[in-house]
Amino acid sequence: MTYPTFPPSTTSYLSKYLTKELFEALKDKKTVNGFTLDMAIKSGVENLDSSIGVYAGDEESYELFAPLFDKIIEDYHGFGANKRHKSDRDIHNKSYKELDSKGEYILSTRVRVGRNLAGFPLGTIISKEQRYELEQRVVDVLKELKGELEGEYYPLMGMSRETQNRLINDHFLFKEGDRFLESAGLNRDWAEGRGIFHNYNKTFLVWVNEEDQLRIISMQKGGNLKEVFERLVTALDAIEQKLSFSYSERLGYISSCPTNLGTAMRASVHIKLPKLANNIDKFNSIIKKYHLQIRGVDGEHTQSKGAVFDISNRRRLGVTEVEALDDIYSGVEALIEAERVS
Ligand code: ADP
Ligand code: DAR
C-alpha cells in the first residue's frame, strides 16, 4: 500500500488530513473485522471529487483510525474528540406550527435516520451471508409493525426496472450505482439483500442495505414537519424494541459515512424558491445562518429543478434530534419569509 498522492485541485477532507506521517502510522492496522486504512480511504482515492473521501467498516474503525477520522469529524461537524454526542427526540413541548399552511412553497417534507445493526460489520465489508441474515432480521421486525406503519417489504431482486424507476422518480427508493458507494464496497453483490419496506400510503419507508443498513424514513406532501417527525419517532420506538443499533457514547449512532454520525438524521423539505434562486447571496446567507444544506430534487449529487430545492439540516452530530429539527424548522421559516419579501 503506497501513500496516495492527490492532485493540488483535490479538496476532500481525506486529502486535507491524510499526511504521509499519518498514513505510515495507520497503514498496517486492521480492525477485528479485517477493515484497513486502504479500505477506509479507497472511495476518496478513486473519486478525487469526493467531499469527504472516507467510509468506516465497523464501529471499531472510528477508534482504530481516529487520528484520521477525528480530524475529519471535527472539521465537518465542529465536534472535537473530547465531546460526547447526546440524543433527544422528545418534541412534546415544541410548538412546531405548519410552516406553509397555504401550500405556496413546500411541496413535501421528509425526515430520515440512518441505522446499522449492532454486532454486524457495516455495509462496506459485510459478507453476502451476513447481509442476507441482516435483511431477514430487519424484515421480520418490519412485518410486525401495526396501524399506520403496517406495510410490505419489496426486495430489489426480482423488482422490475420499471417499478424501480417509478419508485426512484417518486423519491421513495434509493438510486443505484453511486460511484462513491461503489468504491467503498457498499454496492457489492447488488441487488442481493437490498429492498424497500413501505406502508400502504407510502408515508413510512425503510431502505434495507443501501449506504447504511437501514434508512428509516417518514415523508408526506406539504410542510407538517411535526407530523412527519412524530411518525418517525413512533416507528423508531417500535423498531428499537426488537433491533439493537450500533451506538457509541462518543459518536452517537454509527454510520458508514462520518457525515451521518450522531443523530444520522436528515430532515428535508422540497421547497419552491424562485426569487431566492435569483438572489443566491441572500439564499446562501440564510443557509449558513441556520446550518442548512442544499441538494437537488432527486437527492444528493443532483440539481434543483424549476427553482425547487431540497433543503435540510446540515448538523447531525453534536446536536440532538430536537436541535437538528429546530435548525430546519427555523431555517425554512426564514427562507419562506425572505422569499415572501423578495
Ligand atoms: P438521503 O436523504 O437518504 O441522504 P438523498 O439525498 O439521495 O438521500 O435523497 C434520497 C431520496 O429522497 C431522493 O429521491 C430525494 O429526492 C428524496 N427526498 C429527499 N428529501 C425529500 C423531500 N423533502 N420530499 C420528497 N422527497 C425527498
Ligand atoms: N460522496 C461521499 C460522501 C459524502 C456524504 N454523503 C453521503 N454519505 N451520502 C464524498 O466523500 O463525497
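Preceding this section is the structure that the text describes.
Residues numbered from 1 in each chain as written. Chains lettered and ligands numbered in written order. Predicted model: local features only at pLDDT ≥ 70, side-chain atom pairs only at ≥ 80, totals over all residues. Heavy atoms only, no water.

Caption draft 1: Broad picture of the pattern of salt bridges. Throughout the structure, instances matching the rule amount to 25 salt bridges. Put simply, Glu133 and Arg137 hold a salt bridge, and the shortest N to O gap is 2.8 Å. Linking Glu133 with Arg137, this pair stays in helix α6 (residues 128–142), spanning four residues, or about one helical turn. Its relative accessible area of 38% is what places Glu133 among the partly exposed residues. (Salt bridge = Lys/Arg side-chain N within 4 Å of Asp/Glu carboxyl O. Helix = DSSP H or I, 4+ residues; strand = E, 2+ residues; numbered from the N terminus. Buried < 20%, exposed > 50% of the residue type's maximum accessible area, 1.4 Å probe, protein only.)

Caption draft 2: Main features of the sheet that holds strand β9 (residues 292–295). Reading across the sheet, the eight strands line up as β2-β3-β4-β5-β1-β8-β10-β9 and stay open at both edges, with antiparallel pairing between neighbours. Strand pairing shows two members of the sheet lacking a second neighbour, β2 (151–155) and β9, which therefore form its edges. Ignoring which end each strand starts from, the neighbouring axes of this sheet average 20 degrees apart. Here four bridges tie strand β3 (residues 195–199) to strand β4 (residues 204–208), and the two strands are oriented antiparallel to one another. Within the sheet, the bridge partner assigned to Phe197 lies in β4 and is Val206. Here α6 sits on the sheet and contacts β2, β3, β4 and β5 (214–221); the angle it forms with β4, its principal contact strand, is near 165 degrees. (Pairing = 2+ DSSP bridges. Axes fitted to C-alpha atoms, helices over the stretch in contact; angles between N-to-C directions. Contact = heavy atoms within 4.5 Å.)

Caption draft 3: Inspection of the side chain of Asn209 at higher detail. The topology assignment puts Asn209 in the loop between β4 and β5. Aside from chain neighbours lying at most four places away, what touches Asn209 is Arg131, Leu134, Glu135, Trp190, Gly193 and Arg194.

Caption draft 4: Quick look at the site of ligand 2. Neighbouring ligand 2 are the residues Ser50, Ser51, Ile52, Gly53, Tyr55, Phe180, Glu211, Cys257, Thr259, Asn260, Glu300 and His301. Glu211 is positioned such that a nitrogen or oxygen atom in its side chain is 2.7 Å from a nitrogen atom of ligand 2. One nitrogen or oxygen atom from the side chain of Glu300 is found 2.6 Å from a nitrogen atom belonging to ligand 2. For ligand 2, whose unbound accessible area comes to 340 Å², protein coverage reaches 93%. For the shell around ligand 2, the per-class residue count stands at four nonpolar, six polar and two charged. (Near = heavy atom within 4 Å. Polar contact = N/O pair within 3.5 Å; in protein donor to acceptor, adjacent residues only side chain to side chain. Areas by Shrake-Rupley, 256 points an atom, 1.4 Å probe, with all protein chains shown as cover. Nonpolar A, V, L, I, M, F, W, Y, C, P; charged D, E, K, R; others polar.)

Caption draft 5: Region of the structure containing the nonpolar core. With 60 residues, the main nonpolar core has Phe204, Ile216, Ile239, Ile271, Ile311, Leu325 and Leu335 as its most contacted residues. Element by element, the count of residues in this core is highest for helix α12 (residues 321–341), at ten residues. In this structure, Leu335 is in contact with Leu273, Leu276, Phe283, Ile286, Ile287, Leu292 and Ile311, ignoring residues within four places of it in sequence. Judged by nonpolar contacts, the second largest core, of 29 residues, contains Tyr13, Tyr17, Leu22 and Leu122. (Core = buried A, V, L, I, M, F, W, Y, C linked by side-chain atoms within 4.5 Å.)

Caption draft 6: Layout of the packing of aromatic side chains. Tallying each qualifying case throughout the model produces ten aromatic pairs. Ring centres of Phe35 and Phe65 lie 6.4 Å apart, and the angle between their planes is 70 degrees; on these two criteria the pair is classed as edge-to-face. Of the two residues, Phe35 is situated in the loop between α2 (20–26) and α3 (37–46) and Phe65 in the loop between α4 (61–64) and α5 (66–77); the sequence distance between them amounts to 30 residues. For Phe65, a relative accessible area of 0% puts it in the buried group. The structure contains a cluster of three or more aromatic residues connected by ring pairs, namely Phe174, Trp190 and Trp207. Directly above the aromatic system of Tyr253 lies the positively charged group of Arg115, at a separation of 3.4 Å from the ring centroid. If you follow Arg314 out to its NZ or CZ, it ends over the ring of Tyr76, 4.1 Å from the centre. (Phe/Tyr/Trp six-rings, centres within 6.5 Å; stacked < 30°, edge-to-face > 60°. Lys NZ or Arg CZ within 6 Å of the ring centre and 35° of its normal.)

Caption draft 7: Inspection of the site of ligand 1 at higher detail. Residues in contact with ligand 1 amount to 19 residues; listed here are only the nearest, Ser108, Arg110, Ser268, Arg295 and Val297. Within the backbone of Glu300, a nitrogen or oxygen atom sits 3.2 Å from an oxygen atom of ligand 1. In the complex, 94% of the free accessible area of ligand 1, which totals 560 Å², lies under the protein chains. For the shell around ligand 1, the secondary structure elements donating two or more residues are β1 (106–115), β5 and β8 (265–272). Among the residues making up the shell around ligand 1, the classes are represented as four nonpolar, six polar and nine charged.

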